[in-house]
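Here's the letter readout for the chains.
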Amino acid sequence: MNVKSYQFKNMDTVPPETLVTAEDDFAPPQFRSRVIAVSSGKGGVGKTNIAVNLGLTLAKRGIRVALLDADLGTANVDVLMGIRPDYHLQHLITGQRSLAEIIVETPSGLKIIPGASGLPDLADLPDAQRDVLLRAMMALDGTVDLLLIDTGAGVGRNVVQFILSAGEVLLVTTPEPTAVTDAYALVKVLAGYHLPISIKLVVNNAQPPSEGDLVARRLAMVAEQFLGRAIEPLGVLPHDKSVPQAVRRQIPVVEASPFSPMSTGLNRLAERLWNDVEVQQVTGISQFFRKIMALRSVISG
Ligand SMILES: Nc1ncnc2c1ncn2[C@@H]1O[C@H](COP(=O)(O)OP(=O)(O)OP(=O)(O)O)[C@@H](O)[C@H]1O
Ligand SMILES: [Mg+2]
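Predicted, not measured: the structure shown is a model, and the values here were computed from it. For every chain, the first residue of the written sequence is number 1, and numbering continues from 1 along that sequence. Throughout, the order in which chains and ligands are written sets their labels, letters from A for the former and numbers from 1 for the latter. Reporting of local features is limited, given that this is a predicted model, to residues whose pLDDT is at least 70; pairs of side-chain atoms are given and counted only at 80 or more, and all residues count toward the totals for whole chains, interfaces and linings.

## A few points about helix H9 (residues 209-227)
Heads up, the rule is: Only DSSP runs of H or I covering at least 4 residues are called helices, and only runs of E covering at least 2 are called strands; the numbering of each starts at the N terminus. A helix is expected to span 1.5 Å for every residue after the first. Neighbour density around each residue's C-beta defines its exposure: 20 or more other C-beta atoms within 10 Å make it buried, 12 or fewer make it exposed, and counts between make it partly exposed, where C-beta atoms are placed from the backbone. To be clear, the arc concerns the directions from the helix axis to the C-beta atoms. By the convention adopted here, residues are in contact when the distance between their C-beta atoms, placed from the backbone, does not exceed 7 Å.
Its 19 residues give H9 an end-to-end C-alpha distance of 26 Å, which sits within 8% of 27 Å, the value for a rise of 1.5 Å per residue. Within H9, the full set of buried residues consists of Gly212, Val215, Ala216, Leu219 and Ala223. Axial view of H9: buried residues confined to an arc of 100 degrees, hence all on one face. For H9, the exposed residues set more than 90 degrees away from the buried face come down to Ser210, Met221, Glu224 and Gln225. Residues of H9 that are buried sit in contact with helix H8 (177-191), strand E7 (198-206) and strand E8 (231-238).

## A look at the environment of Asn49
Position of Asn49 among the secondary structure elements: in helix H2 (residues 47-60). Residue Asn49 is classed as buried on the basis of its C-beta count, with 26 C-beta atoms lying within 10 Å. C-alpha of Asn49 to C-alpha of Val254: the two residues are 205 residues apart in sequence and 9.9 Å apart in space. Residues within four places of Asn49 in sequence aside, it is in contact with Leu80, Val243 and Val253.

## Notes on the sheet that holds strand E2 (residues 65-69)
The condition that has to hold: The pairing criterion for strands is at least two bridges between them, as found by DSSP. Axis lines are fitted to C-alpha atoms, over the contacting stretch for helices. Their N-to-C directions set the angle, which ranges from 0 to 180 degrees.
The 8 strands are arranged E3-E4-E2-E5-E1-E6-E7-E8 in an open sheet whose pairing can be described as mixed. In this open sheet, the two edge strands, each paired with only one partner strand, are strand E3 (104-105) and E8. Of the pairings in the sheet, the one linking strand E1 (residues 34-40) to strand E6 (residues 168-173) comprises 3 bridges and is parallel in character. Each bridged residue has a counterpart across the sheet, and for Val38 the counterpart in E6 is Leu170. Of the strands in this sheet, E1, E6, E7 and E8 are in contact with H8, which crosses E6 at around 160 degrees.

## Focus on the packing of helix H6 (residues 127-138) against helix H13 (residues 285-295)
Note the cut-off: When describing relative orientation, an angle under 35 degrees is termed roughly parallel and one over 145 degrees roughly antiparallel, while 65 to 115 degrees is termed roughly perpendicular and anything else oblique. Helix crossings are classified by the rotation of the near helix relative to the far one: an anticlockwise turn of less than a right angle makes the crossing left-handed, while a clockwise turn makes it right-handed. Polar here means any residue other than Ala, Val, Leu, Ile, Met, Phe, Trp, Tyr, Cys and Pro, which are nonpolar, and Asp, Glu, Lys and Arg, which are charged; Gly is therefore polar.
Between H6 and H13, the least distance of the axes is 8 Å, while the angle of their chain directions is 160 degrees. In terms of orientation, H6 and H13 fall into the roughly antiparallel class. The hand of the H6/H13 crossing is right-handed. Residues Arg130, Leu134, Met137 and Met138 of H6 lie in contact with H13, whose contacting residues are Ile285, Ser286, Phe289 and Met293. Grouping the constituent residues of the contact of H6 with H13 by class yields 6 nonpolar, 1 polar and 1 charged.

## Section: the site of ligand 1
Heads up, the condition is: The C-beta atom of each residue is placed using the backbone, and any residue whose C-beta lies within 6 Å of a molecule or strand is treated as near it.
Close contacts around ligand 1 come from 19 residues, with Gly43, Gly46, Lys47, Thr48 and Asn49 the closest. Elements represented by at least two residues in the shell around ligand 1 include exactly H2, E7 and helix H10 (242-249). Looking at the shell around ligand 1, its residues break down into 7 nonpolar, 9 polar and 3 charged.

Written as structure tokens, this is what we have:
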């Protein structure tokens, strides 16, 4: 599609329901990138570690993955990876740098799109800056197989619009009751929008892993019963001291300790995640950003 000819500002008036079934001029499903938000109700449950290490694991299998650090409040993918990007989203949206200039290509093949700490909600960005972001990201569609988005935690507007627009979310929780309650709260908010999204649950930091299985089954059951939403338990990741050790060294755990329980668990998770998609479900990056713009007038927060 001709990016220049598209009137982005008109998207603001598109009701979100129409986006779900709209057949438009975007790339056909097989040429679209899969878009997955990595989110949680409670903070500090392991989203960034999972997003980074899952991205690396998939990249090592030859899948072309980009990771967008969209935790706009406290972006820290770069810290976990031990990289110091010269430019980030702020430089992109202000027009100082192009997407190609801000993307960091890591030796594994994983592409990092660095976030900007303190960047306001997308919904609060001036129109011109949102358009710049949108145009840049659309150019990525089809050049990567997967766009992973590390979002902030909670039920805020930014997180919700990222998830609803991606159409697919890796919902991360730990077995702690507070984290589980907050995960449920996020699912409840998402369910309120009645949009078809796929919710895949990862229970992280489980000790023993059987506790994680139990938590996943319970959460899925309660969401089905009270919210009528299906949650697919995707896997359990163990509590593993290699993780904080790797964080301190600023080396992703799958590289610092490739045979650790966490790395083994991430391998299994990557396998399940990648085998678990119908090509028709693939949102595509263009469609993802188009939905974000359309939803921003609908989502409160
Ligand atoms: N499986 C695990 N075993 C042990 N420690 C873990 C595990 N997963 C994450 N951690 C620890 O939990 C802490 C938080 O992880 P991380 O920063 O990935 O969470 P987050 O959900 O991204 O947090 P935030 O909401 O602040 O963005 C890190 O210090 C990490 O070392
Ligand atoms: Mg994080």
